Amino acid sequence: MADNVQGIEVGRTATYTRTVTTDDIQQFAQATGDTNPVHLDEAYAAGTMFKHVIAHGMLSAGYISAAIGTNLAPHAVVIYMSQNLRFRAPVSPGDTITATVTATAVDAEKNRVTLDTVCTNQDGKEVLTGDALVMVVAREG
């Protein structure tokens, strides 16, 4: 019985790092339609518990998708099946976020990999945690 799927074994990790910009936040709002003023309006955000504009939580979750889709198995096709998320701390413009995914279980028969997912900021603080299930298949051609 194989203990890997397309070369992914328990313990394999992949990362993606990006510094969040105000432009990223504005583009995310435009692409998704989430125009909550806590993400876009400094005057409004100043009156919230955050005291300034913060990035959408799903923007950080998108960095997990980048780690999975482009860095976990670049020779294969990786398809999201599910993702659980826990938002632990706000992300501000200028923060550098690193998404790390780690394989915690492999089901070779079904081509499935379970992943621990975490995003940390430049200070090592966890801003998002969770787990995901992905399907990994050979790339055609």
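Cut-offs used in this document
For every chain, the first residue of the written sequence is number 1, and numbering continues from 1 along that sequence. Local features are withheld for residues below a pLDDT of 70 in this predicted model, meaning they are given only at 70 or higher, and side-chain atom pairs are given and counted only at 80 or more; totals for whole chains, interfaces and linings count all residues. With hydrogens and water stripped out, all remaining heavy atoms of the structure feed into the side-chain values. Helix and strand definitions follow DSSP, with helices as H or I runs of at least four residues and strands as E runs of at least two, each counted in order from the N terminus. Relative accessibility decides the category of a residue: with a 1.4 Å probe and only protein chains considered, values under 20% of the type maximum give buried, values over 50% give exposed, and everything between is partly exposed. Contacts are residue-level and defined by heavy atoms, with any inter-residue pair within 4.5 Å sufficient. Every case where a carboxyl oxygen of Asp or Glu lies within 4 Å of a side-chain nitrogen of Lys or Arg is listed as a salt bridge. What a helix should span is 1.5 Å times the count of its residues minus one. Buried Ala, Val, Leu, Ile, Met, Phe, Trp, Tyr and Cys residues that are joined via side-chain atoms within 4.5 Å together make up what is termed a nonpolar core. The arc in question is the one traced by the directions running from the helix axis out to the C-beta atoms. Only Phe, Tyr and Trp rings are paired, with Trp represented by its six-membered ring, and only when their centres lie within 6.5 Å; those with planes under 30 degrees apart are stacked, over 60 edge-to-face, the remainder tilted.

A. Structural view of the side chain of H56. In this structure, H56 sits in the loop between helix 3 (42-46) and helix 4 (57-72). Classification of H56 by relative accessible area gives buried; the value is 2%. The residues touching H56, leaving out its near neighbours within four places in the chain, are I25, F28, A29, D34 and H39.

B. How the structure looks around the pattern of salt bridges. One pass over the structure, following the stated rule, counts two salt bridges. The closest approach of N and O atoms between R88 and E126, which form a salt bridge, is 3.9 Å. With a gap of 38 residues between them, R88 in the loop between strand 2 (76-87) and strand 3 (96-107) and E126 in strand 5 (residues 126-138) connect regions that are remote in the sequence. In this structure E126 comes out as partly exposed when scored by relative accessible area, which is 37%.

C. Representation of unusual backbone geometry within the structure. The backbone of Q6 shows a phi angle near 50 degrees, a positive value even though the residue is not glycine. Of note in this structure, N111 is not a glycine but carries a positive phi near 60 degrees. Take N111: its relative accessible area is 30%, and that puts it in the partly exposed class.

D. Molecular detail of helix 4. Compared with an ideal rise of 1.5 Å per residue, which puts 16 residues at 22 Å, helix 4 spans 22 Å between its outermost C-alpha atoms and is within 8% of the ideal. Among all positions of helix 4, only L59, S60, A61, Y63, I64, A66, A67, I68 and L72 are buried. In this fold, the buried residues of helix 4 make contact with strand 1 (13-19), helix 1 (22-32), strand 2, strand 3, strand 4 (112-120) and strand 5.

E. Layout of the nonpolar core. Within the largest apolar cluster, 31 residues are counted, with the highest numbers of intra-cluster contacts made by V20, I68, V101, V113, L115 and V136. Counting residues per element, the ones that place at least two in this core are helix 1, helix 4, strand 2, strand 3, strand 4 and strand 5. Here this core gets seven residues from one element, more than from any other, and that element is helix 4. Contact partners of V20, with chain neighbours within four places excluded, come to I25, A55, L59, Y63, V91, S92, P93, G94, D95 and I97.

F. Region of interest: helix 1. If you check which residues of helix 1 are buried, you get D24, I25, F28 and A29. On an axial view of helix 1, the arc spanned by its buried residues comes to 135 degrees, and they lie on one face. What points out from helix 1, more than 90 degrees from its buried face, is the exposed set Q30 and A31. Considering only its buried residues, helix 1 is in contact with strand 1, helix 2 (37-40) and helix 4. The positive-phi residue at the C-terminal boundary of helix 1 is G33, with phi of around 85 degrees.

G. How the structure looks around the packing of aromatic side chains. For the coordinates displayed, the defined rule picks out one aromatic pair. Geometrically, the ring pair formed by Y16 and Y63 is tilted, given 5.8 Å between the ring centres and 40 degrees between the ring planes. Residue Y16 is found in strand 1, and its partner Y63 is found in helix 4; the two are separated by 47 residues along the sequence. Given the relative accessible area of 24%, Y16 is considered partly exposed.

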